[in-house]
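Listed below, chain by chain, are the residues.
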Amino acid sequence: DAKTTQPNSMESNEEEPVHLPCNHSTISGTDYIHWYRQLPSQGPEYVIHGLTSNVNNRMASLAIAEDRKSSTLILHRATLRDAAVYYCILRDGLDSGGGADGLTFGKGTHLIIQP
Amino acid sequence: DAGITQSPRHKVTETGTPVTLRCHQTENHRYMYWYRQDPGHGLRLIHYSYGVKDTDKGEVSDGYSVSRSKTEDFLLTLESATSSQTSVYFCAISTPGLAYEQYFGPGTRLTVT
(Lines give C-alpha, C1' and ligand atoms only; values in the text may rest on other atoms or scores of the structure.)
Protein backbone atom coordinates (compact mmCIF):
# COMPACT_ATOMS: atom_id res chain seq x y z
CA ASP A 1 0.00 0.00 0.00
CA ALA A 2 1.18 3.53 -0.76
CA LYS A 3 2.49 5.62 2.08
CA THR A 4 0.79 8.60 3.71
CA THR A 5 2.25 11.55 5.61
CA GLN A 6 0.35 13.34 8.38
CA PRO A 7 1.35 15.94 10.97
CA ASN A 8 2.08 14.40 14.36
CA SER A 9 -0.37 16.66 16.17
CA MET A 10 -2.81 19.50 15.69
CA GLU A 11 -4.71 21.70 18.07
CA SER A 12 -8.06 23.37 17.58
CA ASN A 13 -10.75 25.09 19.57
CA GLU A 14 -14.11 23.64 20.39
CA GLU A 15 -16.94 24.51 18.00
CA GLU A 16 -14.52 25.55 15.26
CA PRO A 17 -13.83 23.67 12.01
CA VAL A 18 -10.79 21.41 11.84
CA HIS A 19 -8.87 20.54 8.69
CA LEU A 20 -6.64 17.48 9.00
CA PRO A 21 -4.21 17.12 6.07
CA CYS A 22 -2.79 13.98 4.54
CA ASN A 23 -0.19 13.73 1.79
CA HIS A 24 -0.05 10.66 -0.43
CA SER A 25 2.08 11.63 -3.40
CA THR A 26 2.61 8.02 -4.56
CA ILE A 27 -1.08 7.14 -4.63
CA SER A 28 -2.12 4.85 -7.47
CA GLY A 29 -5.26 5.19 -9.54
CA THR A 30 -7.02 2.35 -7.72
CA ASP A 31 -6.16 3.41 -4.15
CA TYR A 32 -9.07 4.44 -1.97
CA ILE A 33 -8.42 7.03 0.75
CA HIS A 34 -9.73 5.95 4.15
CA TRP A 35 -9.84 7.86 7.41
CA TYR A 36 -10.14 6.21 10.78
CA ARG A 37 -9.95 7.71 14.23
CA GLN A 38 -9.09 6.25 17.60
CA LEU A 39 -10.55 7.75 20.73
CA PRO A 40 -8.60 7.25 23.97
CA SER A 41 -8.71 3.65 25.22
CA GLN A 42 -10.86 2.48 22.31
CA GLY A 43 -10.42 0.61 19.06
CA PRO A 44 -10.19 2.54 15.80
CA GLU A 45 -13.41 3.77 14.25
CA TYR A 46 -14.13 4.21 10.55
CA VAL A 47 -14.77 7.85 9.63
CA ILE A 48 -15.01 8.20 5.87
CA HIS A 49 -13.49 7.07 2.59
CA GLY A 50 -13.30 8.27 -1.01
CA LEU A 51 -11.67 7.67 -4.37
CA THR A 52 -11.79 10.84 -6.45
CA SER A 53 -14.75 13.01 -5.51
CA ASN A 54 -15.29 14.85 -2.26
CA VAL A 55 -17.42 12.91 0.20
CA ASN A 56 -19.67 13.89 3.07
CA ASN A 57 -21.23 11.86 5.85
CA ARG A 58 -22.64 12.56 9.27
CA MET A 59 -19.21 12.52 10.89
CA ALA A 60 -17.04 14.49 8.50
CA SER A 61 -16.20 15.59 4.98
CA LEU A 62 -13.33 14.38 2.83
CA ALA A 63 -11.82 16.79 0.34
CA ILE A 64 -9.58 15.13 -2.26
CA ALA A 65 -7.16 17.16 -4.36
CA GLU A 66 -7.67 17.05 -8.09
CA ASP A 67 -4.36 15.21 -8.60
CA ARG A 68 -5.22 12.93 -5.62
CA LYS A 69 -1.79 13.49 -4.08
CA SER A 70 -3.33 14.92 -0.94
CA SER A 71 -6.59 14.94 0.96
CA THR A 72 -8.13 16.77 3.91
CA LEU A 73 -10.49 15.46 6.53
CA ILE A 74 -12.82 18.22 7.65
CA LEU A 75 -14.64 18.23 10.96
CA HIS A 76 -17.12 21.03 10.56
CA ARG A 77 -17.62 21.86 14.21
CA ALA A 78 -15.22 20.15 16.57
CA THR A 79 -16.35 19.02 19.98
CA LEU A 80 -14.31 17.71 22.88
CA ARG A 81 -15.41 14.21 21.87
CA ASP A 82 -13.51 14.59 18.60
CA ALA A 83 -10.17 14.56 20.43
CA ALA A 84 -8.51 11.45 19.02
CA VAL A 85 -5.76 10.14 16.79
CA TYR A 86 -6.80 10.38 13.14
CA TYR A 87 -5.32 7.97 10.63
CA CYS A 88 -5.22 8.47 6.87
CA ILE A 89 -4.88 5.12 5.10
CA LEU A 90 -4.64 4.13 1.45
CA ARG A 91 -6.11 0.84 0.33
CA ASP A 92 -5.94 -0.66 -3.14
CA GLY A 93 -9.44 -1.25 -4.40
CA LEU A 94 -8.24 -3.93 -6.80
CA ASP A 95 -6.21 -6.11 -4.44
CA SER A 96 -6.49 -9.78 -5.26
CA GLY A 97 -7.94 -10.70 -1.89
CA GLY A 98 -10.98 -8.50 -2.34
CA GLY A 99 -10.02 -6.57 0.72
CA ALA A 100 -9.18 -9.49 2.98
CA ASP A 101 -5.75 -8.35 4.02
CA GLY A 102 -5.57 -5.70 6.67
CA LEU A 103 -5.09 -1.97 6.85
CA THR A 104 -1.68 -0.36 7.21
CA PHE A 105 -1.79 2.23 9.98
CA GLY A 106 0.81 4.95 10.34
CA LYS A 107 1.19 7.04 13.48
CA GLY A 108 -1.65 9.39 12.58
CA THR A 109 -2.40 12.92 13.78
CA HIS A 110 -3.16 13.49 17.42
CA LEU A 111 -5.98 16.06 17.45
CA ILE A 112 -6.27 18.15 20.60
CA ILE A 113 -9.44 20.13 21.17
CA GLN A 114 -9.31 23.10 23.52
CA PRO A 115 -12.53 24.10 25.32
CA ASP B 1 -22.01 -0.54 17.05
CA ALA B 2 -20.76 -3.68 15.35
CA GLY B 3 -21.23 -6.79 17.45
CA ILE B 4 -17.63 -7.56 18.30
CA THR B 5 -16.46 -8.72 21.68
CA GLN B 6 -13.01 -9.62 22.88
CA SER B 7 -12.11 -11.75 25.84
CA PRO B 8 -10.45 -11.37 28.18
CA ARG B 9 -10.31 -7.57 28.26
CA HIS B 10 -7.28 -7.57 30.54
CA LYS B 11 -4.74 -10.29 31.26
CA VAL B 12 -1.47 -10.53 33.11
CA THR B 13 0.60 -13.60 32.46
CA GLU B 14 4.13 -14.84 33.01
CA THR B 15 6.82 -15.30 30.41
CA GLY B 16 6.70 -18.72 28.81
CA THR B 17 3.04 -19.43 29.44
CA PRO B 18 0.53 -19.99 26.61
CA VAL B 19 -2.18 -17.38 26.13
CA THR B 20 -5.28 -17.42 23.95
CA LEU B 21 -7.30 -14.34 23.11
CA ARG B 22 -10.78 -14.66 21.68
CA CYS B 23 -12.65 -12.47 19.24
CA HIS B 24 -16.35 -13.10 18.78
CA GLN B 25 -18.64 -11.42 16.24
CA THR B 26 -22.37 -11.53 15.72
CA GLU B 27 -22.31 -9.80 12.31
CA ASN B 28 -21.57 -12.86 10.15
CA HIS B 29 -18.74 -10.93 8.50
CA ARG B 30 -16.40 -13.02 6.39
CA TYR B 31 -13.08 -11.31 7.21
CA MET B 32 -11.51 -11.11 10.66
CA TYR B 33 -8.22 -9.59 11.80
CA TRP B 34 -5.88 -9.39 14.75
CA TYR B 35 -3.79 -6.25 15.29
CA ARG B 36 -1.46 -5.17 18.05
CA GLN B 37 -0.81 -1.61 19.18
CA ASP B 38 2.23 -0.47 21.12
CA PRO B 39 2.90 3.00 22.57
CA GLY B 40 3.81 5.52 19.91
CA HIS B 41 2.83 3.20 17.07
CA GLY B 42 -0.14 2.71 14.88
CA LEU B 43 -1.81 -0.66 14.68
CA ARG B 44 0.15 -3.52 13.11
CA LEU B 45 -1.49 -6.54 11.54
CA ILE B 46 -0.67 -9.92 13.12
CA HIS B 47 -2.88 -12.40 11.25
CA TYR B 48 -6.09 -12.29 9.30
CA SER B 49 -8.77 -14.69 8.15
CA TYR B 50 -10.75 -14.60 4.93
CA GLY B 51 -13.07 -17.43 5.87
CA VAL B 52 -13.49 -20.44 8.12
CA LYS B 53 -10.17 -22.29 8.34
CA ASP B 54 -8.60 -19.79 5.92
CA THR B 55 -5.96 -17.62 7.55
CA ASP B 56 -2.81 -15.78 6.55
CA LYS B 57 0.09 -13.96 8.15
CA GLY B 58 0.34 -10.24 8.60
CA GLU B 59 3.23 -7.90 9.21
CA VAL B 60 4.15 -9.12 12.72
CA SER B 61 3.10 -12.78 12.87
CA ASP B 62 6.18 -14.31 14.52
CA GLY B 63 5.28 -15.87 17.87
CA TYR B 64 1.55 -15.92 17.14
CA SER B 65 -0.85 -18.47 15.70
CA VAL B 66 -4.55 -18.20 14.90
CA SER B 67 -7.50 -20.45 14.33
CA ARG B 68 -10.96 -19.96 12.91
CA SER B 69 -13.23 -22.98 13.16
CA LYS B 70 -16.47 -20.97 13.04
CA THR B 71 -17.45 -17.77 11.24
CA GLU B 72 -18.05 -15.97 14.51
CA ASP B 73 -14.84 -16.80 16.37
CA PHE B 74 -11.20 -15.93 15.66
CA LEU B 75 -8.64 -17.04 18.23
CA LEU B 76 -5.14 -15.63 18.68
CA THR B 77 -2.64 -17.81 20.53
CA LEU B 78 0.72 -16.92 21.97
CA GLU B 79 2.31 -20.33 22.34
CA SER B 80 4.95 -19.10 24.80
CA ALA B 81 4.41 -15.51 25.81
CA THR B 82 7.37 -13.10 25.90
CA SER B 83 7.67 -9.62 27.37
CA SER B 84 7.86 -8.18 23.85
CA GLN B 85 4.27 -9.36 23.34
CA THR B 86 3.01 -7.01 26.03
CA SER B 87 0.59 -4.90 24.02
CA VAL B 88 -3.01 -4.00 23.36
CA TYR B 89 -4.61 -6.41 20.93
CA PHE B 90 -7.49 -5.42 18.70
CA CYS B 91 -9.75 -7.65 16.67
CA ALA B 92 -11.54 -6.32 13.59
CA ILE B 93 -14.10 -7.56 11.08
CA SER B 94 -15.07 -6.57 7.57
CA THR B 95 -16.94 -7.72 4.50
CA PRO B 96 -15.67 -8.25 0.96
CA GLY B 97 -15.77 -5.36 -1.42
CA LEU B 98 -13.67 -2.79 -3.16
CA ALA B 99 -13.83 -0.16 -0.42
CA TYR B 100 -14.63 -1.99 2.77
CA GLU B 101 -14.82 -0.69 6.28
CA GLN B 102 -13.28 -2.45 9.23
CA TYR B 103 -15.04 -2.51 12.58
CA PHE B 104 -12.87 -2.90 15.63
CA GLY B 105 -13.42 -4.54 18.97
CA PRO B 106 -12.71 -2.87 22.32
CA GLY B 107 -9.24 -4.40 22.68
CA THR B 108 -7.44 -6.72 25.09
CA ARG B 109 -4.64 -5.36 27.22
CA LEU B 110 -2.05 -8.10 27.71
CA THR B 111 0.87 -7.78 30.09
CA VAL B 112 3.61 -10.41 30.08
CA THR B 113 5.80 -10.25 33.19
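Look above for the structure.
Definitions and limits used
Along each chain, numbering runs from 1 in the same order as the chain's sequence is written. Labels are handed out in written order, letters beginning with A for the chains and numbers beginning with 1 for the ligands. Two thresholds apply to this predicted model, a pLDDT of at least 70 for residue-level local features and 80 or more for giving and counting side-chain atom pairs, whereas whole-chain, interface and lining totals are computed over all residues. Hydrogen atoms and water are omitted, and side-chain values are computed over all heavy atoms in the structure. We call two residues in contact when some of their heavy atoms are within 4.5 Å. Buried area counts how much accessible surface, traced with a 1.4 Å probe, disappears from two parts once they are put together, with both parts' losses summed. One speaks of a salt bridge when a side-chain nitrogen belonging to Lys or Arg is within 4 Å of a carboxyl oxygen belonging to Asp or Glu. By the criterion applied in these results, polar contacts are pairs of N or O atoms within 3.5 Å in which, for protein atoms, one can donate a hydrogen and the other can accept it, and in which residues neighboring in sequence qualify only through two side-chain atoms. Every helix listed is a DSSP run of H or I at least four residues long, and every strand listed is a run of E at least two residues long, numbered separately from the N terminus. Just so you know the grouping, Ala, Val, Leu, Ile, Met, Phe, Trp, Tyr, Cys and Pro go in nonpolar, Asp, Glu, Lys and Arg go in charged, and all remaining residues, Gly too, go in polar. Here, the term disulfide refers to a pair of cysteine sulfur atoms separated by no more than 2.5 Å. Exposure classes here rest on a 1.4 Å probe applied to the protein chains alone. A residue is buried below 20% of its type maximum, exposed above 50%, and partly exposed in between. Two strands are counted as paired when DSSP detects at least two bridges linking them. Residues grouped as a nonpolar core are buried Ala, Val, Leu, Ile, Met, Phe, Trp, Tyr and Cys residues, joined through side-chain atoms within 4.5 Å. Working convention: axes come from line fits to C-alpha atoms, limited for helices to the stretch in contact. Angles between N-to-C directions cover 0 to 180 degrees.

Draft legend 1. Just the interface of chain A and chain B, in detail. Contacts between chain A and chain B engage 23 residues on the former and 22 residues on the latter. Carbon and sulfur atoms make up 56% of the area that chain A and chain B hide from each other, which totals about 1800 Å². Viewed at the interface, chain B and chain A are joined by 0 salt bridges. For the interface between chain A and chain B, the tally reads 4 residue pairs in polar contact (both at pLDDT 80 or more). Looking at the side of chain A that touches chain B, the elements that each hand over two or more residues are strand E3 (31–38), strand E4 (45–50) and strand E8 (84–92) of chain A. No other element matches the 4 residues that E3 of chain A contributes to the side of chain A that touches chain B. In terms of residue class, the side of chain A that touches chain B is made up of 9 nonpolar, 11 polar and 3 charged.

Draft legend 2. Here's a closer look at the state of the cysteines. All names here are of chain A. As enumerated under the stated definition, the model contains 2 disulfides over all chains in all. Here Cys-22 connects covalently by a disulfide to Cys-88, the sulfurs 2.1 Å from one another. Given an S-S torsion of about -85°, the disulfide between Cys-22 and Cys-88 has left-handed geometry. You can see Cys-22 sitting in strand E2 (residues 18–23) and its partner Cys-88 sitting in strand E8, a full 66 residues away along the chain. In this structure, Cys-22 and Cys-88 share a single accessibility class: buried.

Draft legend 3. Examining the pairing of strand E6 (residues 54–57) of chain B more closely. Residue and element names in this part refer to chain B. Sheet topology note: the strand E5 (residues 43–51)/E6 ladder contains 4 bridges and is antiparallel. Within E6, the position partnered with Gly-51 by the bridge is Asp-54. Here E5 hands over to E6 after 2 residues, with Lys-53 in that stretch at a positive phi of 65°.

Draft legend 4. Up close: the sheet that holds strand E7 (residues 70–75) of chain A. Residues and elements named next belong to chain A. If you walk across this open sheet you meet the 4 strands as E2-E7-E6-E5, and the pairing is antiparallel. Both outer strands of the open sheet, E2 and strand E5 (55–56), are each paired with one neighbouring strand and no more. Relative to strand E6 (residues 61–64), E5 runs antiparallel, the two sharing 2 bridges. If you follow Val-55 over to E6, its bridge partner there is Leu-62.

Draft legend 5. Quick peek at the nonpolar core. Among the nonpolar cores identified, the biggest contains 21 residues, and Ile-33, Trp-35, Leu-73 and Tyr-86 of chain A are the most heavily contacted of them. Within the residue set of this core, elements represented by two or more residues are E2, E3, E4, E6, E7, E8 and strand E9 (109–114) of chain A. No other element matches the 4 residues that E8 of chain A contributes to this core. In this view, Ile-33 of chain A contacts His-24, Ile-27, Ile-48, His-49, Gly-50, Leu-62, Ile-64, Arg-68, Ser-71, Cys-88, Ile-89 and Leu-90 of chain A; residues no more than four positions away in its chain are not counted. In this structure, Ile-46, Leu-78, Cys-91 and Leu-110 of chain B belong to the second largest nonpolar core, which totals 19 residues.

Draft legend 6. Quick peek at the sheet that holds E3 of chain A. Residues and elements named next belong to chain A. Pairing in this open sheet of 5 strands is mixed, and the strands run E1-E9-E8-E3-E4 from one edge to the other. What marks the edges here is a single partner per strand, and that holds for strand E1 (9–13) and E4. Taking the axes of each pair of neighbouring strands and ignoring which way they run, one obtains an average angle of 25° across the sheet. Pairing geometry for E8 and E9, over 3 bridges, is antiparallel. When the sheet's bridge partners are listed, Ala-84 is paired in E9 with Leu-111.

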